[in-house]
Amino acid sequence: MPQELPITFDIVREKNLEALKLLNGVIFPIKYQDQLYKDCMACEDITQLAYHNDVLVGAIAARCERQASGKARMYIATLGVLAPYRGYGIGTRLLERSLEAAQQDSNIEEVYLHVQVGNDEAVEFYKKHNFEVRETVKDYYKKLSPPDAVILAKKLA
């Protein structure tokens, strides 16, 4: 792996929300709804942004989902790094920072996400971070091919 780049981090807030939307628009083939971003802002510091030389190069967008039990789960909606900045450990650092923030909330018991079937690189990334494949959801993605997704999850201690 190349040497680490100097990266600074921030949480999502009004002043950088549009930059997060733009970044996700460049990285992902899906346009996420404004409600997702509102949900991410409501969860304080589990959504993390990564900057190199004051340029947004990566982000993890996550939200808390309250359960009937009163406990919560963290849902990772997106985790992405701009192509020229991949391979420098930025995605790992974003995930670790988000998980650390989630562990500060004793109500959050589990973290989960969907990954498009066939995105083996993403599945392996999460497995390396102790996520387990739970199930496959048929036709999860309405505008992507293949449309199926796998759910990966990790219990928090």
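Now for a quick tour of the structure. (Residues numbered from 1 in each chain as written. Predicted model: local features only at pLDDT ≥ 70, side-chain atom pairs only at ≥ 80, totals over all residues. Heavy atoms only, no water.)

**A few points about the pattern of salt bridges**
Phase 1: Across all of its chains, the model carries 10 salt bridges by this definition.
Phase 2: Ionic pairing is found between E65 and R63, a salt bridge with its closest N-O pair at 2.9 Å.
Phase 3: Given the relative accessible area of 16%, E65 is considered buried.
Phase 4: The class for R63 is partly exposed, based on a relative accessible area of 22%.
Phase 5: When the shortest N-O distance is used, the salt bridge between K127 and E124 registers 3.9 Å. Taken as a pair, K127 and E124 lie in helix α4 (residues 120–128) at a separation of 3 residues, close to a single helical turn.
Phase 6: E124 sits in the partly exposed class, given a relative accessible area of 47%.
Phase 7: Because the salt bridges share partners, they merge into one network encompassing R63, E65, R73, E110, R134 and K155. (Salt bridge = Lys/Arg side-chain N within 4 Å of Asp/Glu carboxyl O. Buried < 20%, exposed > 50% of the residue type's maximum accessible area, 1.4 Å probe, protein only. Helix = DSSP H or I, 4+ residues; strand = E, 2+ residues; numbered from the N terminus.)

**Let's talk about the environment of Q104**
Phase 1: Counting through the fold element by element, Q104 comes out in the loop between α3 (90–103) and β5 (108–116).
Phase 2: Taking the C-alpha atoms as reference points, Q104 and I46, separated by 58 residues in sequence, lie 9.9 Å from one another.

**Description of the nonpolar core**
One recurring pattern in soluble globular proteins: nonpolar side chains tend to sit buried together.
Phase 1: Core analysis: the largest hydrophobic core is formed by 31 residues, its most contacted members being M74, I76, L95, Y126 and F131.
Phase 2: The set of elements that each furnish at least two residues to this core consists of β3 (55–66), β4 (72–81), α3, β5, α4 and β7 (149–155).
Phase 3: By residue number, the principal contributor to this core is α3, which donates 6 residues.
Phase 4: One finds L20, I27, Y32 and Y112 within the second-largest nonpolar core, a separate group that totals 21 residues. (Core = buried A, V, L, I, M, F, W, Y, C linked by side-chain atoms within 4.5 Å.)

**Considering helix α1 (residues 14–27)**
Since the α-helix turns once every 3.6 residues, residues separated by three or four places project in the same direction.
Phase 1: Given a rise of 1.5 Å per residue, 14 residues ought to cover 20 Å, and the 21 Å separating the end C-alpha atoms of α1 matches this to within 8%.
Phase 2: In the core, the buried residues of α1 are packed alongside β1 (8–11), α2 (34–42), β2 (48–52), β3 and β4. (Expected span 1.5 Å × (residues − 1). Contact = heavy atoms within 4.5 Å.)

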